[in-house]
Amino acid sequence: MATADDLKFQEFDDAANLLAANPDATTISIDEPVEIPKNQQSRLQEPGREEDDELLGTDDSDKTELLAGQKKSAPFWTFDYYQTFFDVDTYQVLDRIKGSVFPVPGKNFVRLYIRSNPDLYGPFWICATLVFTIAVSGNLSNFFIHLGKPTYHYVPEFRKVSIAATTIYAYAWLVPLALWGFLMWRNTKVMNIVSYSFLEIVCVYGYSLFIYIPTAVLWIIPQRVVRWVLMVFSLCLSGSVLLMTFWPAVRDDNRRVAVATVATILLLHALLAVGCLAYFFDAPELNIPAPIIPAHNGTTVITKSH
Amino acid sequence: FPGLADVSIPQDIPVEGEITVPVGSHSPDEDYSTLDEPVKDTIMRDLKAVGKKFVHVMYPRKSSALLRDWDLWGPLVLCVSLALMLQGGSADSKDDGGPQFAEVFVIIWFGAVVITLNSKLLGGTISFFQSLCVLGYCVMPLTVAMLVCRLVLLAGAGTVSFIVRLIVVGAMFAWSTLASTAFLADSQPPNRKALVVYPIFLFYFVISWMILTFTPQ
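Residues numbered from 1 in each chain as written. Chains lettered and ligands numbered in written order. Predicted model: local features only at pLDDT ≥ 70, side-chain atom pairs only at ≥ 80, totals over all residues. Heavy atoms only, no water.

Moving on to the overall build of chain A. Regarding its fold elements, chain A presents 13 helices and 2 strands. In chain A, which comprises 306 residues, the proportion classed as buried is 39%. A total of about 17,600 Å² of accessible surface is found on chain A, and carbon and sulfur atoms cover 66% of it. (Helix = DSSP H or I, 4+ residues; strand = E, 2+ residues; numbered from the N terminus. Buried < 20%, exposed > 50% of the residue type's maximum accessible area, 1.4 Å probe, protein only. Areas by Shrake-Rupley, 256 points an atom, 1.4 Å probe, with all protein chains shown as cover.)

So this is what it looks like as structure tokens:
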């Protein structure tokens, strides 16, 4: 006999709550072709996400694997294929940036924020911003350092923009490629539990470069000590993000190989920061003596100093 | 057929008309073919369309003229004039000078293409050339700023002139960004608007920086 309660309409619980009650239940997700419900779906899942991850364990659930398989099914010559790499909302990008600036010790950046939805928006535009920030800050800092010197004529130094662009984009895309190739090769020798796709590595590298943007702006301050303190601080923050991401991927390997890999990652990261500081920002206490400019008709002209 | 029994054509209304199609010399082709019109008409029509779009950028309101009847003449003219005005920044061919003509050209067009691709990849509904058209036309306030800067620099290159240039370029940068955002914002998915607006901000910031740091030799 059906009671009155059975006949009453039961609200469908959120998937997260149902799963919390019964973690072993099979989950089926119907991926709708329309874009808008997917966005709302991700927003609904957001508050329950943290509990989800802890309850389901560190391995990917069936749901995310299904979704990941369905997402990348378009062939690579269609526009839709590339659209899957830009499937992020504003709040997701901001969360990822926050996660790269305030690394939580012990939590993996990829596991926590990327979750098999790597995006190319973050890496590309963070690199673009960094290129222009370094070029503009370097130019401004040189201007302030040499201001007041009689022989100084301001130049915009526009060529440095292309050099900065080449360097930063090469670092953010070629180093992940090399690292991914290396990890794939080690994976054939030693079975690693944790392995990352190429895009996830690009994502981590891209977002880890974000801390350098405010650092580059602060490097305008023409004090050597301040600059080095800033550099060490930002290196620690972004280095720790990289460290916590890649240590689980190599720790099952031969001890020496693991340590060498992580050391190389951090060394390249430091090299980028030091190189940028050295090339784009002139040293603060340098005194440039008045040069003797040879005139066109053969006589030398000595510049006057006021 | 019982239903048709009460349908009857009244006898007193004549049914008449012509069924011949007039093929006279009115030439209805006049509306479709512009081949026979004088060249002045053709050029003036395009010039008027371009001029109308400039006015729309000056007073940005939600008008569909910029989007529907896109053209790339305006952006081309603006880009070429801006690149020409940014010349003469360094007489020597050293690497430290300002941007060369080709660099300005590439930055504006490549930047506009990348921003358009970005907005389309994020799910925007605007077409490729419409977006290029809007971004190109919204460079106009910055071209005006460049003109003003060059005039101010003719008067002198001191601190006062720098402050004047800074204010002018800053105001025009804000105008450009707001104008293009006003035109492009509606075609973006609502929870990704900031992701689309930020590259536009960066684009106009770079152009403003090139204008502000222009120093004649």
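This part is about the UniProt feature "transmembrane region" (unreviewed entry) in chain B. All names here are of chain B. Per the UniProt record, "transmembrane region" (unreviewed entry) is annotated on residues 70-89, 101-122, 134-156, 162-184 and 196-215. Secondary structure across residues 101-122 divides into 95% helix and 0% strand, with the first and last C-alpha atoms of the span separated by 32 Å. End C-alpha atoms of residues 196-215 are separated by 32 Å, and the span's content is 85% helix alongside 0% strand. (UniProt positions renumbered as here; feature names shortened; annotations may be inferred.)

With that out of the way, let us pick up the UniProt feature "transmembrane region" (unreviewed entry) in chain A. Here, the residues flagged by UniProt with the feature "transmembrane region" (unreviewed entry) are residues 120-141, 161-185, 197-222, 228-250 and 257-281 of chain A. Secondary structure across residues 120-141 of chain A divides into 95% helix and 0% strand, with the first and last C-alpha atoms of the span separated by 31 Å.

Turning to a nonpolar patch on the surface, a few remarks are in order. On the surface, V39(B), I43(B), M44(B) and L47(B) cluster together into a nonpolar patch covering about 380 Å² of accessible area. Its place among the elements puts L47(B) in helix α1 (residues 39-58). (Patch = residues over 30% accessible without salt bridge, like charges linked within 9 Å, V, L, I, M, F, W, Y side chains within 5 Å. Salt bridge = Lys/Arg side-chain N within 4 Å of Asp/Glu carboxyl O.)

Time to look at the environment of H269(A). All names here are of chain A. Structurally, H269 can be placed in helix α13 (residues 255-280). Take H269: its relative accessible area is 1%, and that puts it in the buried class. C-alpha separation for the pair H269 and Y171, spaced 98 residues apart in sequence, amounts to 8.7 Å. The contact partners of H269, leaving out residues within four places of it in the chain, are Y171, S208, L209, Y212, L235, S238, G239 and L242. (Contact = heavy atoms within 4.5 Å.)

The subject of this paragraph is the interface of chain B and chain A. Listed per partner, the contact involves 31 residues of chain B and 27 residues of chain A. Measuring nitrogen to oxygen at the nearest pair gives 2.8 Å for the salt bridge that ties R192(B) to D87(A). There are 11 residue pairs in polar contact (both at pLDDT 80 or more) connecting chain B and chain A. For the side of chain B that touches chain A, a count of residues per class yields 16 nonpolar, 9 polar and 6 charged. (Polar contact = N/O pair within 3.5 Å; in protein donor to acceptor, adjacent residues only side chain to side chain. Nonpolar A, V, L, I, M, F, W, Y, C, P; charged D, E, K, R; others polar.)

Another aspect to go through is the pattern of salt bridges. Counted under the stated rule, the structure contains 8 salt bridges over all chains. In this structure, E103(B) and R159(A) form a salt bridge, with 3.0 Å as the shortest nitrogen-oxygen distance. Of this pair, E103(B) sits in helix α4 (residues 101-121) while R159(A) sits in helix α9 (residues 159-189), each in a different chain. Exposure remark for R159(A): the relative accessible area of 31% places this residue in the partly exposed category. Where E37(B) meets R45(B), a salt bridge forms, and the shortest distance between an N and an O atom there is 3.2 Å. For E37(B), a relative accessible area of 22% translates into the label partly exposed. Shared partners join several salt bridges into a network, and the residues in it are D87(A), D89(A) and R192(B).

Residue and element names in this part refer to chain B. Contact pair helix α6 (residues 140-155) / helix α7 (residues 159-184): the axes reach a minimum separation of 8 Å and the direction vectors enclose 175°. For the element pair α6 / α7, the angle class is roughly antiparallel. Contact residues: α6 offers P141, L142, A145, V148, C149, V152 and L153, while α7 offers S161, V164, R165, V168, V169, M172, F173, W175 and S176. Residues that form the contact of α6 with α7 fall into these classes: 13 nonpolar, 2 polar and 1 charged. (Axes fitted to C-alpha atoms, helices over the stretch in contact; angles between N-to-C directions. Parallel < 35°, antiparallel > 145°, perpendicular 65-115°, else oblique.)

Since its relative accessible area comes to 18%, E103(B) is described here as buried. There is a polar contact of 2.9 Å between the side chain of E103(B) and the backbone nitrogen of Q100(B). When near neighbours in sequence (up to four residues on either side) are disregarded, E103(B) contacts F158(A), R159(A) and G98(B).

Time to look at unusual backbone geometry. In the Ramachandran plot, E157(A) falls in the positive-phi region, its phi being about 50° despite a non-glycine side chain. Assignment of secondary structure puts E157(A) in the loop between α8 (121-146) and α9.

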